[in-house]
Amino acid sequence: MTRVVAAVFFAACSLGLFGAGVNAQESRTQDWNAAVNYWQAFGLMPEWTEDEKKIRDSIPEGLSLPLPPGVKELIGRSGAALSALESANRIERCDWQLDYAKGPLLTLPHLGKGRDLARQSLLRARVRLSEGDHSGGIADILAAVRLARALGSDQVLISMLVDAAIERPAIELAAAYLPQLNAAEQKQLQAGWESLRAAPTLAQAMATEKKVFGGWLETQLEQEARGKNPEESARSEEHTSEL
């Protein structure tokens, strides 16, 4: 049996089948939407018990302060989600498929879930860095910031604020350990940061807000001017399309 497996393995290598599989995978991921994979990562986040919530709430913001007992167990519980985050971060395109026509009624459930996942990534980074695993800590910091930039990619103002709320502690953590990094680790951090998608600007966010909420308000006013309730108008349009 071992000889058969070995023969198949070396035959596959000689034919280049393994390389072909990797290339095909890379080709497919170019068309993927990272938002789908981020949602998979969100779904793998554990449901925290009351005791675990207390531990999370007791984690000090000051980086010089010791972490409370039980932190490593929290990190272990979110290991699958953090692995899924790494996979999602390898996909460039990210479209959260938001229904901008809803205006102020637009819901953004991915923001809270994304911030929670980023928090776990930064917590693991903090533990890794404190234990001397600088490369692992840098990878976790970059993973959190990549997620932050993806959350802000829709250029909605609240999304931009969530992006900033994740990036601030990530930058503080990286800055605190920067003097301890060797040349290779500093290069890892710099290269990773330079590869990030551009952060949304305030001007972009305001333009999106104007388009989303201004367009919604304009629609409401037009419908009221025609003497139609917006909800009745929507039902009427649905009925017409069915006919």
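Residues numbered from 1 in each chain as written. Predicted model: local features only at pLDDT ≥ 70, side-chain atom pairs only at ≥ 80, totals over all residues. Heavy atoms only, no water.

Student: Looking at this structure, how should I read the environment of Leu157?
Tutor: One can find Leu157 in helix α9 (residues 157–177). Residue classification places Leu157 among the partly exposed residues on the basis of a relative accessible area of 28%. Along the sequence, Leu157 and Gln204 sit 47 residues apart, while their C-alpha atoms lie 8.8 Å from each other. Apart from the residues within four sequence positions on either side, Leu157 is in contact with Leu202, Ala205 and Glu209. (Helix = DSSP H or I, 4+ residues; strand = E, 2+ residues; numbered from the N terminus. Buried < 20%, exposed > 50% of the residue type's maximum accessible area, 1.4 Å probe, protein only. Contact = heavy atoms within 4.5 Å.)

Student: Help me out: how do you make sense of the pattern of salt bridges in this one?
Tutor: When the charged atoms of two side chains lie near each other, side chains of opposite charge can form a pair. Enumeration according to the criterion identifies 10 salt bridges in this entry. Note that Arg56 and Asp116 form a salt bridge whose closest N and O atoms lie 2.6 Å from each other. One end of the pair, Arg56, is in helix α4 (residues 50–57); the other, Asp116, is in helix α7 (residues 109–130), with 60 residues separating them in the sequence. For Asp116, a relative accessible area of 23% puts it in the partly exposed group. In this structure, the salt-bridge partner of Asp140 is Arg124, at a minimum N-O distance of 2.8 Å. Here the residue Asp140 occupies a position in helix α8 (residues 134–151), and Arg124 occupies one in helix α7, the gap between them amounting to 16 residues. The class of Arg124 is buried, set by a relative accessible area of 13%. Here the residues in one salt-bridge network are Glu86, Arg124, Arg128, Asp133 and Asp140, joined through shared partners. (Salt bridge = Lys/Arg side-chain N within 4 Å of Asp/Glu carboxyl O.)

Student: I'm lost on the confidence of the model for the chain in this one. Help?
Tutor: It should be kept in mind that the predicted coordinates are not to be read in detail where pLDDT is low. Confidence in the prediction for the chain averages 86 pLDDT; 82% of positions are at 70 or higher. Every residue in residues 4–15 is under pLDDT 50, and counting partners more than four places away or in other chains gives 4 contacts. (pLDDT = per-residue confidence, 0-100.)

Student: Would you mind showing me how to read the side chain of His110 here?
Tutor: Looking at the secondary structure, you find His110 in helix α7. His110 has contacts with Trp39, Phe42, Trp96, Leu98, Leu151 and Asp154, leaving out every residue within four places of it along the chain.

Student: Before we go on, may I ask you to explain the packing of aromatic side chains in this structure?
Tutor: Counting across every chain of the model gives 3 aromatic pairs. Measuring from ring centre to ring centre gives 5.8 Å for Tyr38 and Trp96, while their planes differ by 25°; the resulting arrangement is stacked. Taken as a pair, Tyr38 in helix α3 (residues 34–43) and Trp96 in the loop between α6 (79–89) and α7 lie far apart in primary sequence, 58 residues in all. Judged by relative accessible area, which is 2%, Tyr38 ranks as buried. Note on Trp96: relative accessible area 8%, which makes it buried. Plain terms: the ring middles of Trp39 and Phe42 are 5.3 Å apart, the flat faces sit at 75° to each other, and that makes the pair edge-to-face. Linking Trp39 with Phe42, this pair stays in helix α3, spanning 3 residues, or about one helical turn. Exposure remark for Trp39: the relative accessible area of 35% places this residue in the partly exposed category. Among the aromatic residues, those joined into a cluster by ring pairs are Tyr38, Trp39, Phe42 and Trp96. A cation sits over an aromatic face here: Lys211 above Tyr100, 5.7 Å from the ring centre. (Phe/Tyr/Trp six-rings, centres within 6.5 Å; stacked < 30°, edge-to-face > 60°. Lys NZ or Arg CZ within 6 Å of the ring centre and 35° of its normal.)

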